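For reference, the chains in residue letters:
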Amino acid sequence: MKIVFATNNAHKLSEVQAVLGDAFTLLTPRDCGVEEDIPEEQETLEGNASQKSHYLHGRTGLDCFADDTGLEVEALGGAPGVHSARYATDGHDFAANNRLLLKNLEGAENRRARFRTVISLILGGEEHLFEGVVEGRIIDREAGHEGFGYDPLFIPDGYAKTFAEMTTDEKNAVSHRARAVRKLAEFLRSIEK
């Protein structure tokens with residue numbers, strides 16, 4: 001089954017493809033002639049995921065899905081949340097985002113955080129939402145070189161290493177995105193039967 005995934009992020013694409021497996025072929029917006037940035041102007045993860053999938057479906061007419069992910073830090077009242085990718089700047093500057101997060105957590109005893117992913121699937125014109133959450137904590141300095149974003153700062157509950165210190169398979173066993181994608185895959189497989 002071919003389906004369009006609203007991302008041009010190679011890391012995210014490979015993570016999702018690994019979870020979905022060979023039964024699905026992911027296409028990017030560029031593969032479908034959509035070169036412009038897909039808007040994400042909502043105030044919630046659900047809203048952004050929905051806006052992106054509806055936009056892509058409207059431009060291509062194809063079945064598609066979009067996700068939005070946020071890091072929600074307790075000591076920061078849930079920030080950066082929906083603004084995670086653009087926490088420090090207007091662009092996707094992972095290093096600047098990590099520096100700002102560590103600065104904002106200086107002296108904080110509560111380092112609890114969670115990653116949350118929401119996926120909006122448009123299939124046959126109908127929208128379906130899936131959510132994945134992983135609880136953990138933020139450490140005080142970066143560790144590891146795998147993954148992207150806040151991965152070098154986040155240790156999931158039950159583990160002694162950051163997402164950035166894990167292999168792709170280890171991360172996909174527990175990550176928020178993988179949990180949401182597994183729900184998406186189960187749904188797609190159930191309707192294919």
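Nothing here was measured: the structure is a model prediction, and the numbers come from that model.

K.L.:
Tell me about the pairing of strand S6 (residues 126-138), and name the residues and values.
P.N.:
In terms of strand pairing, strand S5 (residues 112-123) meets S6 through twelve bridges, oriented antiparallel. Paired with arginine 114 across the strands is glutamate 135, a residue of S6. Between S5 and S6, which pair antiparallel in sequence order, lie two residues; one of them, glycine 124, sits at a positive phi of approximately 60°. Sheet topology places S6 next to strand S7 (residues 154-156); three bridges connect them, and they run antiparallel. Opposite arginine 137, over in S7, you have isoleucine 155 as the bridge partner.

K.L.:
How would you explain unusual backbone geometry if you had to name every residue and give the values?
P.N.:
Following alanine 79, the chain continues to proline 80 via a peptide bond in cis, the omega torsion being 0°. You can see proline 80 is positioned in strand S4 (residues 80-81).

K.L.:
I'd like a description of the UniProt feature "binding site: Mg(2+)" (unreviewed entry) in the protein, backed by residues and values.
P.N.:
UniProt records the feature "binding site: Mg(2+)" (unreviewed entry) for Asp68 in the present numbering. Leave out the neighbours within four places in its chain, and aspartate 68 touches Glu40, Thr44, Leu45, Asn48, Ala49, Lys52, Val82, Arg116, Thr117 and Val118. Polar contacts involving the side chain of aspartate 68 include one to the side chain of asparagine 48, which spans 3.0 Å.

K.L.:
Provide a residue-level description of the nonpolar core, including the pertinent values.
P.N.:
By size, the foremost hydrophobic cluster in this structure holds 18 residues, and its most contacted members are Leu20, Phe65 and Leu121. When contributions to this core are tallied by element, the ones reaching two or more residues are strand S1 (2-5), helix H1 (10-20), S5 and helix H5 (176-192). It is H5 that provides the largest number of residues to this core, a total of six residues. Sequence-distant contacts of phenylalanine 65, defined by excluding residues within four places in its chain, comprise Ile3, Val4, Phe5, Ala6, Val16, Leu20, Leu26, Ser53, Ile119, Ser120, Leu121 and Leu184.

About the criteria used
Residues numbered from 1 in each chain as written. Predicted model: local features only at pLDDT ≥ 70, side-chain atom pairs only at ≥ 80, totals over all residues. Heavy atoms only, no water. Pairing = 2+ DSSP bridges. Helix = DSSP H or I, 4+ residues; strand = E, 2+ residues; numbered from the N terminus. UniProt positions renumbered as here; feature names shortened; annotations may be inferred. Contact = heavy atoms within 4.5 Å. Polar contact = N/O pair within 3.5 Å; in protein donor to acceptor, adjacent residues only side chain to side chain. Core = buried A, V, L, I, M, F, W, Y, C linked by side-chain atoms within 4.5 Å. Buried < 20%, exposed > 50% of the residue type's maximum accessible area, 1.4 Å probe, protein only.

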